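Here are the chains, one letter per residue:
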Amino acid sequence: PKAEREFKRSLELDPNIAVTHYLYAWVYLSQLGRHDEAIAEMKRAMEEGEKWEMRLKESPLGTTQQDFVAYYREVIAVFTEWCTEHGILLPNLRN
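None of these values were measured; they are calculated from a predicted model.

Analysis parameters
Residues numbered from 1 in each chain as written. Predicted model: local features only at pLDDT ≥ 70, side-chain atom pairs only at ≥ 80, totals over all residues. Heavy atoms only, no water. Helix = DSSP H or I, 4+ residues; strand = E, 2+ residues; numbered from the N terminus. Buried < 20%, exposed > 50% of the residue type's maximum accessible area, 1.4 Å probe, protein only. Lys, Arg positive; Asp, Glu negative; His and termini not counted. Salt bridge = Lys/Arg side-chain N within 4 Å of Asp/Glu carboxyl O. Contact = heavy atoms within 4.5 Å. Core = buried A, V, L, I, M, F, W, Y, C linked by side-chain atoms within 4.5 Å. Expected span 1.5 Å × (residues − 1). pLDDT = per-residue confidence, 0-100. Patch = residues over 30% accessible without salt bridge, like charges linked within 9 Å, V, L, I, M, F, W, Y side chains within 5 Å. Areas by Shrake-Rupley, 256 points an atom, 1.4 Å probe, with all protein chains shown as cover. Phe/Tyr/Trp six-rings, centres within 6.5 Å; stacked < 30°, edge-to-face > 60°.

Turning next to the side chain of glutamate 41. Note that glutamate 41 resides in helix H3 (residues 35-57). As a buried residue without a salt bridge, glutamate 41 has its nearest oppositely charged side chain in arginine 44, at a separation of 6.6 Å. In this structure glutamate 41 touches Leu11, His21, Tyr24, Ala25 and Leu29, once residues within four positions along its chain are discounted.

Spelled out as structure tokens, the structure:
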């Protein structure tokens, strides 16, 4: 499908953007019932997000980026809640 090609192309261009992994997991893979793949992408999103957060802490950037970190954490919470509501058991994504 075209949507999947576009997600994969985006990940090829820059595999370090956490939100692309997150969107691919939640918007595409989990909607198709491909939950194992969605979980793997969500783990990658969290890994990339944590790397980004560490770089942010070391950088003298403004609150806009810190607001994004808070938003990203909220996105993870919403994804986890959605999986729970739909009976999808998630492993500990931080391991």
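Our next topic: the nonpolar core. Tyr22, Tyr24, Met42 and Phe79 are the most contacted members of the largest nonpolar core, which totals 18 residues. The set of elements that each furnish at least two residues to this core consists of helix H1 (2-13), helix H2 (18-29), H3 and helix H4 (63-85).

End to end, H2 covers 15 Å across twelve residues, agreeing with the expected 16 Å (1.5 Å per residue, within 8%). With respect to burial, H2 is a largely interior element, nine of its twelve residues being buried. Along H2, the residues classified as buried are Ala18, Thr20, His21, Tyr22, Tyr24, Ala25, Trp26, Tyr28 and Leu29.

Further remarks concern the pattern of salt bridges. Within the structure shown, the criterion is met by five salt bridges. Salt-bridge contacts for glutamate 12 lead to arginine 9; the nearest nitrogen and oxygen are separated by 3.8 Å. In this pair, glutamate 12 and arginine 9 both sit in helix H1, three residues apart, roughly one turn of the helix. The exposure class of glutamate 12 is exposed, given its relative accessible area of 60%. For arginine 34, the salt bridge goes to glutamate 37, with nearest N and O atoms at 2.8 Å. Residues participating in the shared-partner salt-bridge network are Glu4, Lys8, Arg34 and Glu37.

Attention shifts here to the confidence of the model for the protein chain. The predicted coordinates of low-pLDDT regions are not to be read in fine detail. For the protein chain, the mean per-residue pLDDT works out to 77, and 73% of the residues sit at or above 70. Across the protein chain, element-level confidence peaks in H1 with a mean pLDDT of 90 and bottoms out in H4 with 71.

What follows deals with a nonpolar patch on the surface. Together, Ile17, Val19, Leu23 and Val27 make up a nonpolar patch on the protein surface, roughly 280 Å² of accessible area in all. Turning to its location among the elements, valine 19 is positioned in helix H2. For valine 19, a relative accessible area of 33% corresponds to the partly exposed category.

Right, let's get into the packing of aromatic side chains. Counted under the stated rule, the structure contains four aromatic pairs. Geometrically, the ring pair formed by tyrosine 24 and tyrosine 28 is stacked, given 5.9 Å between the ring centres and 15° between the ring planes. Separated by four residues within a single helix, tyrosine 24 and tyrosine 28 lie in helix H2, roughly one turn from each other. Ring pairs connect the aromatic residues Phe7, Tyr24 and Tyr28, which therefore count as one cluster.

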